[in-house]
Amino acid sequence: MSDWRARAARAGKWPLRPSGHPGHGGADPAPEHSMDSWTEAEPPRVPLERSLVDAAVYRDGRRVDAHTSLAEIYRQLPGEPGTMAWIGLYRPTPEQLWQAAEQFGLHELALEDAIVAHQRPKLERYGDTLFVVLRSARYLDETEEVDFGEIHIFVGPEFVLTVRHSQAPDLGAVRKRLENDPVLLAMGPEAVLYAILDAVVDGYAPVVAGLQNDIDEIETEVFGGDPKVSRRIYELSREVVDFQRATRPLLTIMRGLEAGFQKYGTSEELQRYLRDVADHATTVAERVDGFRQILGDILTLNATLVSQAQNEEMKALAEASHAQNNEIKKISSWAAILFAPTLIGTVYGMNFDHMPELHWILGYPFAIALMALVCTSLYIVFKRRDWL
């Protein structure tokens, strides 16, 4: 056993090769067992058909036959020009990917990425084999979320192996499209890679349209003063960022493919197709970058509008408080003015036998004059202070 398989097995990422494991075109696989019961001595050999979606050999762009065994497909590849195999796997087990690695000589690092999944979109070359990771996307308008899928593509001189970890994208439609276009399919494994890239990028269009529609709705809500719009802006911004992480690396992938046009002898017609995909990917990436900028601006604008609304509310409260204070001052002022004669007048209600000036003829006019003087003085004082 090679060191890298042993390391992967100990890390729990890779099942060790079972004792007496058949080589190319060996005996029928044993029944499937639970991964929890695997041992280093006797790991199970999972039937490939459990994850095999479709597998066929193509010669000069036309389907030759369908198979359920990688060994059978491998025997159908005589190394003649115009012959290739296309195998599609859906959520395979590590053991099944190990079988594929043995048949097609896949690199250990690429296999580890395909097993672990949750990889970023990327393009890597391992000798004559091209390893591409793509992330498909579809927009869920009800929840305003972007649902992502992941696909790993191994492209060799005579084969294409696709490993899907989600239902999207629908590679069955891609295969049907190519089988209906033998001229394109005859261009070889890179034509299959082009068709998958084209399907993934075309799938971004509805996502872009959905995001654009939600951004338009958010702009209306912002100027309408909806208090819940801030949360919606933040959540949509997160979806845009995730979508950007799926689309932005596509530009690097397309540049990497373009850099190998001459070295790997890509036909001119296929170069045109790939450049068309690159143009579409660039458009999507630019739109997504624009969405992120727009949402950032909208969030800033919404914060400004909220601040202005709060300032207006504070201003209205301050004006109301000021008016209320003026009324209180007026009431207090008139209460003080009216209190003065009341205070003086209460003197005449005292029940004393001896009171000064009780029989004074000028006592009453004096009291009235005193009341008027005190009230007038208070009125002048309050008026000068703008209380009245």
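Sequence order as written defines the numbering, with residues in each chain counted from 1. At least 70 in pLDDT is required for a residue's local features to be given in this predicted model, at least 80 for side-chain atom pairs to be given and counted, and no such filter applies to totals for whole chains, interfaces and linings, which use all residues. With hydrogens and water stripped out, all remaining heavy atoms of the structure feed into the side-chain values.

Asker: Could you give an account of the overall build of the protein, naming the residues involved and the relevant values?
Answerer: Think of it this way: any DSSP run of H or I at least four residues long counts as a helix, any run of E at least two long counts as a strand, and we number them from the N terminus. Across its full length, the protein holds ten helices and seven strands. Only protein chains enter the accessibility calculation, which uses a 1.4 Å probe; a residue whose area is less than 20% of its type maximum is buried, one above 50% is exposed, and one in between is partly exposed. Put simply, the protein has 388 residues, and 41% of those count as buried. Pairs at least 24 apart in sequence give 64% of the contacts found in the protein among residues at least 6 apart. Only carbon and sulfur atoms are counted for the fraction: they give 53% of the accessible area of the protein, which is about 21800 Å². Contacts are residue-level and defined by heavy atoms, with any inter-residue pair within 4.5 Å sufficient. The Shrake-Rupley method, run with a 1.4 Å probe sphere, supplies the accessible areas, and residue values consider only the shown protein chains as cover.

Asker: I'd like a rundown of the pattern of salt bridges, residues and numbers included.
Answerer: Any Lys or Arg side-chain nitrogen found within 4 Å of a carboxyl oxygen on Asp or Glu counts as a salt bridge. Throughout the structure, instances matching the rule amount to 17 salt bridges. Its salt-bridge partner being glutamate 217, residue arginine 232 comes within 2.6 Å of it at the nearest N-O pair. A residue pair is termed long-range when its members are at least 10 positions apart, and arginine 232 in helix α8 (residues 229-259) and glutamate 217 in helix α7 (residues 189-224) qualify at 15 residues. Judged by its relative accessible area of 14%, arginine 232 falls in the buried class. Residues aspartate 242 and arginine 245 are paired through a salt bridge, measuring 3.6 Å at the closest nitrogen-oxygen approach. A residue pair is termed a helical-turn pair when its members lie 3 or 4 positions apart in one helix, as aspartate 242 and arginine 245 do in helix α8 at three residues. Among the residues examined, aspartate 242 registers a relative accessible area of 28% and is labelled partly exposed. The exposed category is assigned to arginine 245, whose relative accessible area is 55%. The network of salt bridges with shared partners includes Glu144, Asp214, Glu217, Glu221 and Arg232.

Asker: Residues and numbers for the environment of alanine 246, please.
Answerer: Topologically, alanine 246 is positioned in helix α8. Through-space distance from the C-alpha of alanine 246 to that of tyrosine 204 is 9.9 Å; in sequence the pair is 42 residues apart. Every residue in contact with alanine 246, bar those within four places of it in the chain, is listed here: Pro121, Arg135, Phe148 and Tyr204.

Asker: If you had to explain helix α10 (residues 363-384) to someone new, which residues and values would you point to?
Answerer: To estimate the expected span of a helix, subtract one from its residue number and multiply by 1.5 Å. In a regular helix each residue adds 1.5 Å, so 22 residues correspond to 32 Å; α10 covers 32 Å between its end C-alpha atoms and thus fits that length. Regarding α10, the residues found buried are Gly363, Ala367, Met371, Cys375 and Phe382. Angularly, the buried residues of α10 cover 105° about the axis, an arc narrow enough to put them on a single face. Within α10, the exposed residues directed more than 90 degrees away from the buried face are Leu373 and Arg384. Residues of α10 that are buried make contact with α9 (268-345). With its phi angle positive at about 60°, aspartate 386 sits one or two positions after the end of α10. Directions pointing from the helix axis toward each C-beta atom define the arc.

Asker: An account of the environment of threonine 282 is needed here, citing residue identities and associated values.
Answerer: Following the sequence through the fold, threonine 282 ends up in helix α9. Spatially, the C-alpha atoms of threonine 282 and valine 201 are 9.9 Å apart, while their sequence positions differ by 81 residues.

Asker: How would you summarise the nonpolar core if you had to cite specific residues and measurements?
Answerer: Membership of the largest hydrophobic core comes to 59 residues, with the highest contact counts inside it found for Leu134, Ile153, Ile196, Leu197 and Phe243. Of all the elements, α7 adds the most residues to this core, at 16 residues. If you look at the next biggest cluster of nonpolar residues, it comprises 25 residues, including Leu70, Ala100, Val133 and Phe159. Side-chain atoms within 4.5 Å are what join buried Ala, Val, Leu, Ile, Met, Phe, Trp, Tyr and Cys residues into a set we call a nonpolar core.

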